[in-house]
Amino acid sequence: MTDPSDRSEPAEPISAAGSSGGRPVVRLRPKAEARAIRHGFPWVYADELVLDRRTQALTPGTLATLEDAERRPLATVTVNPASKIVARVLDRDPAAIIDRGWIAARIGRALELRARLYDQPFYRLVHAEADGLPGVVIDRFGAAAVIQPNAAWAETLLPEIAAALAEATGVTAIVKNGTGRSRGLEGLAEETALLAGQIDGPIPVPMNGATYMADLLGGQKTGLFYDQRPNHAFAARLARGARVLDVFSHVGGFALAALAGGAAHALAVDASAPALDLARQGAAAGGMAERFETRQGDAFDTLDALAAEGARFDLAICDPPAFAPAKPALEAGLRAYERVALKAAGLVAPGGYLILCSCSHAADLASFRNASARGIGRAGRRGQLIHTGFAGPDHPMLPQLAESAYLKALAFRLDG
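Residues numbered from 1 in each chain as written. Predicted model: local features only at pLDDT ≥ 70, side-chain atom pairs only at ≥ 80, totals over all residues. Heavy atoms only, no water.

Draft legend 1. View of the packing of aromatic side chains. As enumerated under the stated definition, the model contains ten aromatic pairs in all. When the ring of Phe248 is compared with that of Phe323, the centres are 6.4 Å apart and the planes differ by 80°; the resulting orientation is edge-to-face. On the criterion of sequence distance, the pair formed by Phe248 in the loop between strand E13 (243-247) and helix H8 (253-260) and Phe323 in the loop between strand E16 (313-318) and helix H11 (330-345) is long-range, its members being 75 residues apart. Centre to centre, the rings of Phe300 and Phe323 are 6.4 Å apart; their planes meet at 25°, and the pair counts as stacked. With Phe300 in helix H10 (residues 299-308) and Phe323 in the loop between E16 and H11, this residue pair connects regions lying 23 residues apart in the sequence. Among the aromatic residues, ring-to-ring pairing joins Phe248, Phe300, Phe323, Tyr337 and Phe368 into one connected group. For the cation-ring pair, Arg339 lies above Phe300, with the distance from its terminal atom to the ring centre recorded as 4.0 Å. (Phe/Tyr/Trp six-rings, centres within 6.5 Å; stacked < 30°, edge-to-face > 60°. Helix = DSSP H or I, 4+ residues; strand = E, 2+ residues; numbered from the N terminus. Lys NZ or Arg CZ within 6 Å of the ring centre and 35° of its normal.)

Draft legend 2. Focus on helix H5 (residues 158-169). An ideal rise of 1.5 Å per residue puts 16 Å on twelve residues; H5 measures up with 16 Å between its terminal C-alpha atoms. When you tally the buried positions in H5, you get ten out of twelve residues, the bulk of the element. Here H5 has its buried residues at Leu158, Pro159, Glu160, Ile161, Ala162, Ala163, Ala164, Leu165, Ala166 and Thr169. Downstream of H5 by one or two residues, Gly170 has phi in the positive range, about 80°. (Expected span 1.5 Å × (residues − 1). Buried < 20%, exposed > 50% of the residue type's maximum accessible area, 1.4 Å probe, protein only.)

Draft legend 3. View of the sheet that holds strand E3 (residues 62-67). Strand order across the open sheet formed by five strands is E1-E3-E4-E5-E2, with mixed pairing between neighbours. Each having just a single partner strand, strand E1 (25-27) and strand E2 (43-45) make up the two edges of the open sheet. Ignoring strand direction, the axes of neighbouring strands in this sheet form an average angle of 40°. (Pairing = 2+ DSSP bridges. Axes fitted to C-alpha atoms, helices over the stretch in contact; angles between N-to-C directions.)

Draft legend 4. Layout of the side chain of Asn150. Looking at where Asn150 falls in the secondary structure, it is placed in the loop between strand E8 (144-149) and helix H4 (152-156). A relative accessible area of 12% places Asn150 in the buried class.

Draft legend 5. Structural detail: the nonpolar core. Within the largest apolar cluster, 46 residues are counted, with the highest numbers of intra-cluster contacts made by Phe141, Tyr212, Leu216, Leu224, Val244 and Phe292. Ranked by residue count, the leading element in this core is H8, at six residues. In contact with Phe292, other than residues within four places in its own chain, are Ala255, Leu256, Leu259, Ala266, Ala268, Ala279, Arg280 and Ala283. Membership of the second largest hydrophobic core comes to 32 residues, among which are Leu63, Trp102, Ala145 and Ala164. (Core = buried A, V, L, I, M, F, W, Y, C linked by side-chain atoms within 4.5 Å. Contact = heavy atoms within 4.5 Å.)

Draft legend 6. Spatial organisation of the packing of helix H3 (residues 100-117) against H5. It is the contact of H3 with H5, at a shortest axis distance of 9 Å, that shows an interaxial angle of 45°. By the criterion of interaxial angle, the relationship of H3 to H5 is oblique. Note that H3 runs across H5; the crossing there is right-handed. Between H3 and H5, the residues in contact are Arg100, Ile103, Ala104, Ile107 and Leu111 and Glu160, Ile161, Ala163, Ala164, Leu165, Glu167, Ala168 and Thr169, respectively. Partitioned by chemical class, the residues of the contact of H3 with H5 number nine nonpolar, one polar and three charged. (Parallel < 35°, antiparallel > 145°, perpendicular 65-115°, else oblique. Left-handed = near helix turned anticlockwise from the far one by under 90°. Nonpolar A, V, L, I, M, F, W, Y, C, P; charged D, E, K, R; others polar.)

Draft legend 7. Up close: the confidence of the model for the protein. For the protein, per-residue confidence averages 93 on the pLDDT scale, and 95% of positions sit at 70 or higher. Within the model, pLDDT remains below 50 along residues 1-21, and this stretch shows 33 contacts once partners closer than five positions in the same chain are excluded. (pLDDT = per-residue confidence, 0-100.)

Draft legend 8. Molecular detail of the environment of Asp415. On the secondary structure map, Asp415 appears in the segment after strand E19 (408-414). By relative accessible area, which is 32% here, Asp415 ends up partly exposed. Along the primary structure Asp415 and Leu133 are separated by 282 residues, whereas in three dimensions their C-alpha atoms are 46 Å apart. The residues contacting Asp415, other than those within four sequence positions of it, are Pro350, Gly351, Arg381 and Arg382.

What follows is the structure, encoded as structure tokens:
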């Protein structure tokens, strides 16, 4: 593995074996929509590309020139014949050189945006296709960063990505988080590794007046979910003097932000004991431990138990994992969101607030809103929708790619 502190000359760009320094060419089928690629859509699906024996023999992550059906060059792409997304657009210049300098330029552009948005270096630095690095996610935690190489090309060029990241940001510790559904779809193995530097334990992250503890080596995903930052802030505005319930809390999520906003008490519920331990550490670091409580267990079972106990909250938040990660799971996922809304609405005091979240890109906003409203109605409650939230600006959306706008948060005020 290349040491990210190495300041040597950029590596040679990847090329196909036996290409004499040239690049293989892959071609769209006649019925494929070349105009979408020209207008910025970043993916080519397997049924849109000519998959002859030569193309199928390409090593996953190979760089190629994409042509339309009339053999006109369209873009520089990375090819993975084993993936449903068989080609990803790296550069609309068909002659682009993909090396450390190219990667550094993309990271530098992403860094410029985040530096304008945030006073401290805690944010999502690279948001995959929306930042021009398909399949690459980088979260920054001060002097440390976590890279998720979720596409074959990024796995192959990971040493160059890490080196460019260190050069652009000055981070001294870099973690590879190679877990998650996306890597499986690319045919990549799961692996978490420390690529550079040293990490001695959870890293304190200041956000919305609270302190969160991020476990970069053993936590879920990159250790913290930055995407909810603006929704945490909105919830904190509703939390002054309130009794707060935070279900699917992870490392304290909404609960710690609510306490920082003046909540009287917050109960965090999660199935993960290590995540709740980090949440308690965060509460202690923020001087909130006396107002903070945790309960480990299945979310649905815990909601039922709280109802049986007659518990009531002025503000309840449910931020579950993706119930509908893909279209085949959409119907079941929407039923699960409706069930969450039903159970949580019954725990909200009259005139209180309920915030429901979805990170399922397969469930669009309208479908999620309808499922949430059905659940609230089934609970015998009437809700005013007072706010709709999305991911923060460090998670930009690529307008041509609906999947990049995955996070939705709905805030309701419930009557008696």
